[in-house]
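# Geometric and topological summary
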Amino acid sequence: MFKHFINLELKAFFRSASVGKSIGLKILMGFLVVYFLLVFLVLGIALYPILLKAFPNQKPLTIVNSFVIFWLAIELIFRFFMQSLPVMNIKPLLVLPIKKESVIHFVLLKSLISIYNIFPLLVIIPFGVFNIIKGNYGTLNMIIWMLGMYILALIVNYANFLIKKKFAENIKAFLPFVVLGMVFFGLDYFGVFKITTLSGVVLDTLVLQPIFVLVPILILAGFYLLNFKYLKTNFYLDSSLQSKVEEAKTSDLSWTKRFGEIAPFLQLDLKMIWRNKRPKTVIWISLIFLAYGLMIYTNPHYKDTPAFFVVVGILMTGVFMLNYGQFVPSWDSNYYGMMMSQNIPMKQYLASKAGLMSVSVVVLAILSTPYLYFGWKIVAINIACATYNLGVNIPLLLFAGSYNKKRIDLEKSPFMNYQGTGATQWIVGLPLMLIPTLIFYGIYKLINAEVAIIAIATIGVIGLVLRNYLLNTIAAGYTKRKYATISGFKQQEN
């Protein structure tokens, strides 16, 4: 049965209308995966010598055992925000003579081959082998220790699924546990209660008494059964079809009427952002990202590389533009077909998207003005980058959007969520930042930074002057590919 399930998932992937983009994305992600695999492998190989050199009077294994508790906590937080839950389209399986237990076991065991479960092995195995070679512990003892460490990683894997199901919809409810973890860290740091000592004693005992590996095995089995029970209880369409009854919240958007013909589209976009998790998160990310400049402008290593400040300026003033614009028109994928069946001028639809992104760029540029503390050139570069975003990058994002054919679930978390992401999003990201940086760098080397700033701003102004012509051209592309886009949005991604 597992063989049939794997075959069905492969067919769903290769028969998708967006298979070309999906394969392109998988290739790009594959390079990133290989990179991080090498990073973790190097860490695993270098960990023993590094600890031995830094703490010559202590055994490296004892140090590692003491800090495993913090490693597990960090891994749980990392998985919570980055790891996607294993999914499978069960709707067509419910009417077939297939045991639900088989489907649930497949979904749970499928998570074991996740890349997040491979990373720990690349650290655990080389470090354990080093201990065996050095003869610090018996071979069997270290093999059991490595097994125990990997079981702890799998416990985090299944614990994350339960936590994510419980708290993903309400992050605020998870905050008390975060605070509790910070309290334990503070108690350990100030020596009030050494949780690292407790962790070290427990894991040192595992090395000396391998029979205790049964404890994490039983805990793993418990978390697996809890996940199994939860999925079995909710293995019905009814559970997903039941709607929550909540008090409706309305907002007065009458002020948008001053924008004329694009007002209805602006209202639709603002409601979509306010009412759904993924676009709402983009707003918070944009505001948080304003602090990115503090990491760069305070670092003396970047003082002599003003061209890098262009990248920072493009990102800080255009972070909403980038996160929102690269998924136009996928934000409207649920009702795009209905919109296109109406007598709606495509140019007006695109003008509303451009208007929304333009307002975000202006607001973020104003909010970045306190960086004047680091010098007027910083603010000048940010304003020039904002102008470039307005005149060049917004039309470029809208043009790339005409090739988007992947739908988006607005209620899913954006963290490590590649739904709606295709090769277009990866390709368009390069010229958005690379072109202005190269232009600035070339003029800066030939003349000076002031002329380079003026050149970037001038290109943006030219783009603003040509905005009407560019929107007409881009709208023609959307109209030409309208039916291909609608067909792509009808495809359900696994």
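These numbers were taken from a predicted model, which means no experiment stands behind them.

Thresholds, definitions, all that
- Residues numbered from 1 in each chain as written.
- Predicted model: local features only at pLDDT ≥ 70, side-chain atom pairs only at ≥ 80, totals over all residues.
- Heavy atoms only, no water.
- Core = buried A, V, L, I, M, F, W, Y, C linked by side-chain atoms within 4.5 Å.
- Buried < 20%, exposed > 50% of the residue type's maximum accessible area, 1.4 Å probe, protein only.
- Helix = DSSP H or I, 4+ residues; strand = E, 2+ residues; numbered from the N terminus.
- Phe/Tyr/Trp six-rings, centres within 6.5 Å; stacked < 30°, edge-to-face > 60°.
- Lys NZ or Arg CZ within 6 Å of the ring centre and 35° of its normal.
- pLDDT = per-residue confidence, 0-100.
- Contact = heavy atoms within 4.5 Å.
- Axes fitted to C-alpha atoms, helices over the stretch in contact; angles between N-to-C directions.
- Parallel < 35°, antiparallel > 145°, perpendicular 65-115°, else oblique.
- Left-handed = near helix turned anticlockwise from the far one by under 90°.
- Nonpolar A, V, L, I, M, F, W, Y, C, P; charged D, E, K, R; others polar.
- Salt bridge = Lys/Arg side-chain N within 4 Å of Asp/Glu carboxyl O.

Ranked by size, the top nonpolar core spans 41 residues in total, and within it Y324, W331, Y336, M346, L350 and L398 carry the most contacts. The set of elements that each furnish at least two residues to this core consists of α11 (263–275), α14 (306–325), α15 (336–340), α16 (346–367), α17 (376–401), α20 (467–480) and α21 (482–489). Counting residues per element, this core draws most heavily on α16, which supplies 9 residues. By size, the runner-up hydrophobic cluster in this structure holds 36 residues, among which are I151, L154, Y158 and Y224.

This paragraph deals with the packing of aromatic side chains. Within a pair of aromatic rings, the relevant descriptors are the distance that separates the centres and the angle that separates the planes. As enumerated under the stated definition, the model contains 18 aromatic pairs in all. Each ring, one from Y48 and one from F130, has its centre 5.6 Å from the other, and the planes form 10°; the classification is stacked. In this pair, Y48 is assigned in helix α2 (residues 19–54) and F130 in helix α5 (residues 115–133), connecting sequence segments 82 residues apart. Judged by its relative accessible area of 4%, Y48 is buried. For F130, a relative accessible area of 24% corresponds to the partly exposed category. Judged by centre distance (5.4 Å) and plane angle (75°), the rings of Y297 and F309 are edge-to-face. Linking Y297 in helix α13 (residues 292–297) with F309 in helix α14, this pair joins segments that are 12 residues apart in sequence. Residue class for Y297 comes out buried when judged on its relative accessible area of 11%. Note that R481 overlies the ring of Y403, its terminal NZ or CZ placed 4.1 Å from the centroid.

Here we come to the confidence of the model for the protein chain. For the protein chain, per-residue confidence averages 80 on the pLDDT scale, and residues scoring 70 or more make up 81% of the total. No element of the protein chain has a lower mean pLDDT than helix α10 (residues 237–241), which averages 48, and none a higher one than helix α19 (residues 449–465), which averages 92. When the criterion is pLDDT under 50, residues 240–248 qualifies, and its contacts beyond four places in sequence or with other chains add up to 0 contacts.

Axis separation between α14 and α17 bottoms out at 8 Å; the angle between their running directions is 45°. Overall, the two elements α14 and α17 adopt an arrangement that is oblique. Handedness of the α14/α17 crossing: right-handed. Across from P306, F309, V310, G313, I314, M316, T317, G318, M321, L322 and G325 in α14, the residues of α17 making contact are I378, I381, N382, C385, A386, Y388, N389, N393, I394 and L397.

Turning next to the environment of L434. Structurally, L434 is set in helix α18 (residues 423–446). As for L434 and V311, which are separated by 123 residues in sequence, their C-alpha atoms are 7.9 Å apart.

Before going further, it helps to spend a moment on the packing of helix α4 (residues 100–110) against helix α9 (residues 214–233). α9 packs onto α4 with a crossing angle of 130° between their chain directions and a minimal axis gap of 10 Å. By the criterion of interaxial angle, the relationship of α4 to α9 is oblique. For the pair α4 and α9, the crossing hand works out as right-handed. Packed against α4, whose contacting residues are K100, E101, I104, H105, V107, L108 and L109, the element α9 presents Y224, N227, F228, L231 and K232 at the interface. Grouping the amino acids of the contact of α4 with α9 by side-chain chemistry returns 7 nonpolar, 2 polar and 3 charged.

Attention now goes to the pattern of salt bridges. Two side chains that carry opposite charge are able to pair once their charged atoms sit near each other. Applying the stated criterion across every chain yields a total of 3 salt bridges. The closest approach of N and O atoms between R79 and E75, which form a salt bridge, is 2.8 Å. A residue pair is termed a helical-turn pair when its members lie 3 or 4 positions apart in one helix, as R79 and E75 do in helix α3 (residues 60–82) at 4 residues. The pair R79 / E75 is uniform in exposure class, with both members buried. When the shortest N-O distance is used, the salt bridge between E101 and K232 registers 3.2 Å. Taken together, the positions of E101 in helix α4 and K232 in helix α9 put the pair 131 residues apart, joining distant regions of the chain. Under the relative-accessibility criterion, K232 is labelled partly exposed at 33%.

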